[in-house]
Structure formats: structure tokens, C-alpha cells
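One letter stands for each residue in the lines below.
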Number of protein chains: 2
Amino acid sequence: MTTTSTTSQSIHGLLNAGRMLSDGIPPRDLQQATEQITDLEEWFDFWIAAGERYELLGGEALENGSRVSGGEWLWQASLCFHYAQFMWFHDPAKREQGQRRKVELYNRAAPHFKPPGERIEIPFEGITIPGFLRLPEGERPATGSPCVLLLGGLESTKEESYLFENICLRRGLATFAFDGPGQGEVFFEVKLRHDFERYSSAVLDVLEAREELDPNRFGVLGRSLGGYYALRAGAGDERLGAVVAWGFFHDMEDFDAMPKHTQHGFVYVAGGSKNDLVQALDLSDVAENLRAPTLLLNGRNDPIFPQRQMERTIAALVNAPKVVVIEPEGDHCCHNMGNIVRPRMADWLARQLNAGN
Amino acid sequence: MTTTSTTSQSIHGLLNAGRMLSDGIPPRDLQQATEQITDLEEWFDFWIAAGERYELLGGEALENGSRVSGGEWLWQASLCFHYAQFMWFHDPAKREQGQRRKVELYNRAAPHFKPPGERIEIPFEGITIPGFLRLPEGERPATGSPCVLLLGGLESTKEESYLFENICLRRGLATFAFDGPGQGEVFFEVKLRHDFERYSSAVLDVLEAREELDPNRFGVLGRSLGGYYALRAGAGDERLGAVVAWGFFHDMEDFDAMPKHTQHGFVYVAGGSKNDLVQALDLSDVAENLRAPTLLLNGRNDPIFPQRQMERTIAALVNAPKVVVIEPEGDHCCHNMGNIVRPRMADWLARQLNAGN
């Protein structure tokens, strides 16, 4: 394999500092990455090494009976492996290695979380939809807890939402983060599809039977490409009583103006064809079916989803009560102001689903 | 008032990035501070403005019934006010303004924490020792919860330990953070004294009567100057069954080699006399009385407490079972690796006090 790029600009294409910090990368590790990585090819190995250090710490903690630290450090390791393989499309073997190790470490971590993460595998049309259910601590409401489905985007998977889950859980919301078509574990079985909503409905079929959950209080939140999926999911299933599109677009008409690495990513998870991708992603066919209260959040400075994409979606959602927040200083998904927008989205969901916090 | 210094070096004397981030200053705010503040005199106003923004967010959240966000943003505001007045010795009026607002905001925030913080005011020799008790969520152990006293240092107060409290609480440890002589609210009544241990014992007298706490499972942790206090507290009271000195020194023999702003700070909280300070701070008279298991943690690169100070303390604690951790890459209190050492200290306390996590 040849080095595809050696410019620091390429590294900063991978490195959205706000996103990485908000998702849980420790500031010191991020600082060392920016100081030490001069060649893009070093990115993968840097984060693998960081992940292996946290894996050691996690193993030691569990041996000492320190389960909270054990769970958190194994999660921290998993997150490093996630960012190692992030956008690593030019070297599929390393990318798969990073994905597999991320999943394995998260599986080890989840039972030790407070509250724990229960891995649930949902069979659907010959494949398995894997996800993690977490229930708020404390006394369970008489009708069961409200629950939010959490959807990753182009390059985010169920393992990346741990901290956001904690934000929801502290507000009385159960969470179920899962991989759909083209995402994480499912990528190896099914690539990006036009009908994500059929997968989220399959998930609801299983979750609504759980006695810990209130079948009448489900919501969905998706980020970036997942924001688009969340709108489809809500349009396709009336059981979703609240929808958050945390970063959203309407279709692929502005594909060619996106950053190159984002274009690569979209085509990659779609299985290699830009034409298939452009046909697959278009909200027009379902937009008017969405009737649930919907929060649309984006940053004015989003370099990926342009303003006219946002406007098109807002105009198309003719039947949904909408709250639209376009943060003037926000970047993609407002990751640069994650400490403001993340709690606010969770608060909005908690209010819509009467979580009481 | 004249500007005392305009060099960026002075700002970095205030700005220990690792400490501020580990205590909860959002990375984005810290980055803006480093980018925008060019004159030290701007430091105070920058953080006041940041604090006021969070205060607004907190108030809005509470009005919307979002208590979790309300509590956290008011705490965030309080922390900004804390760092506004941090080391602001040359302008006592502003310093007091920052202290008072910090306290007020934290008082508003604490009832909304999960778990809540209960303000307790302990009368002692004509003054009031204020502190916050927080109890782990979930079922209470039959004998009551183990509890850790948390001691601030030269420039840290009870309001600064919120995130560290959360680390303890998730491990089953109750926490009680309070201001002692020369610290926070108490500074205005009593300056730094030689007998901190009498104040911590007065706190224990009150806490051991609380039915939610196990009177046989108290510990203490102090940071920086508070690490020294923790050793004194443990030496002076057998009820403390585990002691953590998170940053420690033995006496003031190396005072003249300390950074100037630290020297100023020490003399300031001592009431203005270096001679009084040097006489007040010496572990020699009580070191051999400490018999509880003790964790001593420091960084090899600590610019404040030199190696020979650490060695003197280690040698003097002849009767305590000791665990000594000197991190080769650690700075003062290992703040630059807070995400490693903070959970580890809490894990050690949880094991010593049989918290079971």
C-alpha cells in the first residue's frame, strides 16, 4: 500500500476535535495526536496504541474488582479503536481490524457500565441487528421507561454513543443504540439502503415487548446521516413519538460539493456506487408522513450539509410539529459546541416523552 | 489598579489546562481563553462572561423543568467564576466577587445534582464550616454508605470537586467536600492554620451521626495543599480508615523555590505573613501518628513540590501502610493525566472502604 496523503490537512479532515472530545476522547490524547502525528499513515497506529493502553488499564481494574473503571477503560479503548479506523477507506484490512476490535472491546465493557449495557441481537431478513439496551437507574416508572433509539451516521456506530446515552439515562430515558445497514457490524452484511426505516421498525417490534420499557413512549435520535435516518424512521413508524435529527440533509444533490473524504465515506458504505447512493438517499418520498414532534438541529457552519439542504427538509416536513435550531456558530452537528447542544437535545426528548427530568 | 503583568507566561501560570479540563471546564472555553486572552487582566472578565452564559442556560433549563441540565449548567457557571478569581490576589475586591458568586451559584445548583448535594453548615469555635454531602444513588447498604471527606488545596474549594465526587459516588462512596481554614467561604473568617485536623474532626463528629453513613467507613482525600491536610487529618483522627494525599509536601523549606504565584497564594491564605506560614505547615509533629492505609500520589514533573519534599514525607510516615505512586509523566497532582489518576484514586478508596465497586 502506498501512502495516499501526507499533509496535515488530511489529518484534520479526520480530526473533528469537538466531536472526538464530546464522544469521550481524552483531551490529552487528542493533543498528543495533533502534536505527534505528522503523516496521515501514523493516525491508525497512534490510536491503536492508545487503545491498547486503555485496554490494559481496563483489564487491571477488573482484576482488582474495580468494575466501574474496568468498564470505562474498556469503553475508552473501544473508542480509540473506533477513531483509529475512522474514514480509513484506503486500507480495508486495517479498517476491519479496527472495527472488529472496537466491537469486541465494547462487548467486554458494556456489562460493567452503570447502568449496564445489555447486548441484544435482533434477527431480521437473514441478518442480525446488534444493539445495546440501557435502562435508567433507580425505581422503574409504573408504565416502564421511555426509550430513545440512537442512530449513528456515516462513520459513527452504536459504540460511539456511550456518553450521549449517559446524558439520556440521567434524564430518565432508556437508550437503544444499534447498527443499521452500512453501519458498524452490519456493514459486513448489508450496505447502506434506501429503507432504513424498516430496520428501525424491526428494532421497535422487539423493544416494545420489553416490560422495562413503555411501549407508548419511544423516540429516535440520529446524528449526521443518522439524522436523515431518524426522519425516515419517524415517518415510517407511528410508534416513534419524538424525533431528533441531529444534523440532517434532504438528498444527495449537493454530493459533489462535500469534502472528498466524506464523499469517499458515503460511496464506501453504499457498497461502491455513487449512483446507487444518490438514488438511495432522498427524503422526498416519506417526508410528509412524519407527524411526530421533531427537533431539527444543525450548525450554520456545517461544511458538509449546506443551508439549502436544511431548508429543503424543513419545507418538506409539512405535517410534523417542528423545532428548528440552526446554531450560528455550530459546525457539523454542532460538534464544536457539544456541551451545549447534547444536553439540550436530551432535555427536549425527556420533555416530549415525559421522562420527568 | 495597575496591570501587574501582560506576558502570556503569566496567563499560563494561572492556566493549568489539565486541571481545568479535569475539573470540568469545557475544552472549547479553554481553547477560546488561550486564543483570546492576551493580557492577564482580561482573564477575570473572560471567565465571568463565560460563567454568566452558563448561568443563563441553567436558569432557562430550570424554567423548562430540565433539572439535570439546570444543575449542571449552574455548576458550570460556578466553576467559571471559580477560575475567574483563581490566584487573583492582586485585586481582592474582584477576588471576593468571584468567590461569592461561585458559592451562590453552587448553592443554587446542588439540590438539582444527581445525586443531590445537601449543604451542611457545621458550627465550630465561633465560625461555620460549610460543606456538601452527597450520597450514592441506589439501595443504601445496611450499615450505611462509606464516605470520603474531600479537601481542597491552596486555590481549590468544595465547589471544585463536583466531577471527582461523581467518580466516587459511582463507586458507592458518599462524599463530603468542605472548606477549612483559609479556603473558600471560611477564608473570610479564619486564615490558614497549623491544626487543620481539628476542623476535619469537627466535620466527622457531625457526619458520623448521619444514619445514611457508616461511622466505621470514613476516608479522606486532599489535593495539593489539601494532600498535606489529608495526612494531618488522618494522623489526628482514627476514624479515618483510608487517606489519600493527592499531591503532597512535608514542610515549607523549599518555599523560595516555588513559582512566584504559588508563593503569593500561600502567603495570602495564611493572612499575609510568610513566617507564620512556614511555622504553620510542617508534618513532622504528627507524621508518626498516621496509622491508616495511605495512598501518596504525585507527579515526577511537579514544579511546586520537589522530589525531596515527597521523600521526606514518605520517610516520616513510619506507622502507615503506604502505597506510593510517583507518575513519571505527571505534573502537579498529575493534573495532566487526570483521566488516569482520578478514577484510580477513587478505586483505591472504594477498595479500602469496601464500597464494593
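Position labels on residues start from 1 in each chain and follow its written sequence. Numbering of ligands from 1 and lettering of chains from A proceed in the order in which they are written. At least 70 in pLDDT is required for a residue's local features to be given in this predicted model, at least 80 for side-chain atom pairs to be given and counted, and no such filter applies to totals for whole chains, interfaces and linings, which use all residues.

S.K.: Honestly, the overall build of chain A in this entry has me stumped. Any pointers?
M.R.: Tallying secondary structure elements over chain A gives 14 helices and eight strands in all. Over its C-alpha atoms, taken along the principal directions, chain A stretches across nearly 50 × 50 × 40 Å. Each residue is classed by its C-beta neighbour count within 10 Å, where at least 20 other C-beta atoms makes it buried, 12 or fewer makes it exposed, and intermediate counts make it partly exposed; the C-beta atoms are placed from backbone geometry. For chain A, buried positions account for 55% of its 357 residues. Within chain A, contacts between residues separated by at least 24 positions form 71% of all contacts whose residues are at least 6 apart in sequence. Only DSSP runs of H or I reaching four residues or more are called helices, and only runs of E reaching two or more are called strands; each is numbered from the N terminus. A residue pair is marked as a contact if its C-beta atoms, positioned from the backbone, fall within 7 Å.

S.K.: How do you make sense of the nonpolar core when you look at a structure like this?
M.R.: Residues enter a nonpolar core if they are buried, belong to Ala, Val, Leu, Ile, Met, Phe, Trp, Tyr or Cys, and are joined to the set through C-beta atoms within 7 Å. Membership of the largest hydrophobic core comes to 105 residues, with the highest contact counts inside it found for L173, L221, A230, V243, V244, M345 and L349 of chain B. Top element by residues in this core is helix 5 (residues 67-85) of chain B. It accounts for nine residues. Those domain boundaries reflect an automatic or database domain assignment. Both of domain 1 (8-107) and domain 2 (116-352) of chain B provide at least three residues apiece to this core. In terms of nonpolar packing, the next biggest core, distinct from the first, is built from 104 residues, Y83, F132, A242 and V244 of chain A among them.

S.K.: Teacher, can you tell me more about the sheet that holds strand 6 (residues 240-246) of chain A here?
M.R.: Strand pairing in a sheet relies on backbone hydrogen bonds, with the paired strands running either antiparallel or parallel. Residue and element names in this part refer to chain A. A pair of strands counts as paired when DSSP detects no fewer than two bridges linking them. As summarised here, the arrangement of the eight strands in space is 1-2-4-3-5-6-7-8, forming an open sheet in which the pairing is mixed. Looking at which strands have only one partner, the edges of the open sheet turn out to be strand 1 (118-124) and strand 8 (322-327). Strand-to-strand twist of the sheet, defined as the mean angle between neighbouring strand axes without regard to direction, takes the value 20°. Of the strand pairs in this sheet, strand 3 (residues 145-151) and strand 5 (residues 213-223) are connected by six bridges, and their pairing is parallel. Following the sheet pairing, L151 is matched in strand 5 by G222. All axes are obtained by fitting lines to C-alpha atoms, using only the stretch in contact for helices, and the reported angles, taken between N-to-C directions, cover 0 to 180 degrees. Of the strands in this sheet, strand 1, strand 2 (127-134), strand 3, strand 4 (174-178) and strand 5 touch helix 9 (residues 196-207), which is tilted by about 120° from strand 1.

S.K.: For this particular structure, what's the right way to read the domain arrangement of chain A?
M.R.: A common way to express how large an interface is: the accessible area buried when the components associate. All names here are of chain A. Here chain A is partitioned into domain 1 (8-107) and domain 2 (115-352). Counting from both sides, the interface comprises 19 residues of domain 1 and, opposite them, 19 residues of domain 2. Sorting the residues of the side of domain 1 that touches domain 2 by element identifies helix 2 (17-23), helix 5 (67-85) and helix 6 (92-109) as the ones contributing at least two each. When residues of the side of domain 1 that touches domain 2 are assigned to their parent elements, the largest contribution, five residues, is made by helix 6. Each residue gets one of three labels, nonpolar for Ala, Val, Leu, Ile, Met, Phe, Trp, Tyr, Cys and Pro, charged for Asp, Glu, Lys and Arg, and polar for the others, Gly among them. When its residues are assigned to classes, the side of domain 1 that touches domain 2 shows seven nonpolar, nine polar and three charged.

S.K.: What am I meant to see in the sheet that holds strand 2 (residues 127-134) of chain B here?
M.R.: Residues and elements named next belong to chain B. A sheet is described by the order of its strands in space; here eight strands give the open sequence 1-2-4-3-5-6-7-8, paired in mixed fashion. Sheet topology places strand 1 (118-124) and strand 8 (322-327) at the edges, where each strand pairs with a single neighbour. Neighbour-to-neighbour, the strand axes of the sheet open up by a mean angle of 20°, direction not taken into account. The pairing of strand 3 (residues 145-151) with strand 4 (residues 174-178) spans five bridges and is classified as parallel. Residue pairing for strand 4: C147 is matched across the bridge by A174. Along the sheet, helix 7 (residues 162-169) contacts strand 2, strand 3 and strand 4; its crossing angle with strand 4, the most-contacted strand, is approximately 160°.

S.K.: Help me out: how do you make sense of the confidence of the model for chain A in this one?
M.R.: Low pLDDT marks regions whose predicted coordinates should not be analysed in detail. Residues and elements named next belong to chain A. Confidence scores labelled pLDDT are given residue by residue by the predictor and lie between 0 and 100. Here chain A averages 94 in pLDDT, and 96% of its residues register 70 or above. Long-range and interchain partners of residues 1-9, a stretch whose pLDDT sits below 50, account for eight contacts in this model, where long-range means more than four residues apart. Predicted complex metrics record ipTM = 0.94 and pTM = 0.95.

S.K.: I tried to follow unusual backbone geometry on my own but got confused; where do I start?
M.R.: The phi angle of most residues is negative, glycine excepted, and most peptide bonds adopt the trans form. Across the junction of K114 of chain A and P115 of chain A, the peptide omega takes the value -5°, indicating a cis bond. Looking at the secondary structure, you find P115 of chain A in the loop between helix 6 and strand 1. One non-glycine residue, C334 of chain A, lies in the positive phi region at around 55°. In this fold, C334 of chain A is placed in the loop between strand 8 and helix 14 (338-352). Look at M87 of chain B: it is not a glycine, yet its phi comes out positive at around 60°. Assignment of secondary structure puts M87 of chain B in the loop between helix 5 and helix 6 (92-109). Taking the C-beta count within 10 Å as the criterion, M87 of chain B has 18 such neighbours and is therefore assigned partly exposed.

S.K.: Teacher, can you tell me more about the environment of E55 of chain A here?
M.R.: Residue and element names in this part refer to chain A. Residue placement: E55 occurs in helix 4 (residues 42-63). Using a count of 22 C-beta atoms within 10 Å as the deciding quantity, one classes E55 as buried. For the pair formed by E55 and A320, sequence separation is 265 residues and the distance between their alpha carbons is 45 Å. What E55 contacts, discounting residues up to four positions off in sequence, is L74, A77 and L105.

S.K.: How do you make sense of the interface of chain B and chain A when you look at a structure like this?
M.R.: The partner chain A presents 26 residues to the 26 residues of chain B that form the contact. Looking at the side of chain B that touches chain A, its residues break down into eight nonpolar, nine polar and nine charged.

S.K.: I keep staring at the packing of helix 9 of chain A against helix 10 (residues 225-236) of chain A and nothing clicks. Help me out?
M.R.: The description of two packed helices rests on the angle between their axes and on the distance between the axes. All names here are of chain A. The geometry of helix 9 relative to helix 10 is characterised by a closest axis approach of 8 Å and an angle of 65° between their N-to-C directions. Along this stretch, helix 9 crosses helix 10, giving a crossing that reads as right-handed. Contact residues: F196, E197, S200 and S201 in helix 9; Y229, R232, A233, A235 and G236 in helix 10. Considering only residue class, the contact of helix 9 with helix 10 consists of four nonpolar, three polar and two charged. Each helix crossing is assigned a hand: it is left-handed if the near helix lies turned anticlockwise from the far helix by less than a right angle, otherwise right-handed if that turn is clockwise.

S.K.: How should the packing of helix 5 of chain B against helix 6 of chain B be read in this particular structure?
M.R.: Residue and element names in this part refer to chain B. Across the interface, helix 5 lies against helix 6 with an axial gap of 8 Å and an inter-helix angle of 165°. Between helix 5 and helix 6, the interaxial angle falls into the category roughly antiparallel. Here the hand of the crossing between helix 5 and helix 6 comes out left-handed. Two secondary-structure elements touch here, helix 5 through G71, L74, W75, A77, S78, F81, H82, A84 and Q85 and helix 6 through K94, R95, G98, Q99, R101, K102, L105, Y106, R108 and A109. Partitioning the contact of helix 5 with helix 6 into residue classes produces eight nonpolar, six polar and five charged. Between 65 and 115 degrees an angle is taken as roughly perpendicular, under 35 as roughly parallel, over 145 as roughly antiparallel, and anywhere else as oblique.

S.K.: Honestly, the relation of the copies chain B and chain A in this entry has me stumped. Any pointers?
M.R.: The relation between the two copies of this chain is a rotation about an axis and a shift parallel to it. Superposing the copies works by least squares over the C-alpha atoms of residues that have pLDDT at least 70 in both of them. With an axial shift of 0.0 Å and an RMSD of 0.0 Å, the rotation relating chain B to chain A amounts to 180°. Such values leave the two copies arranged in the relation of a two-fold axis. By C-alpha distance to the rotation axis, the residue of chain B lying nearest is G138 of chain B, at 3.0 Å. Most of the interface of chain B is mirrored in chain A: 100% of its interface residues are interface residues there too.

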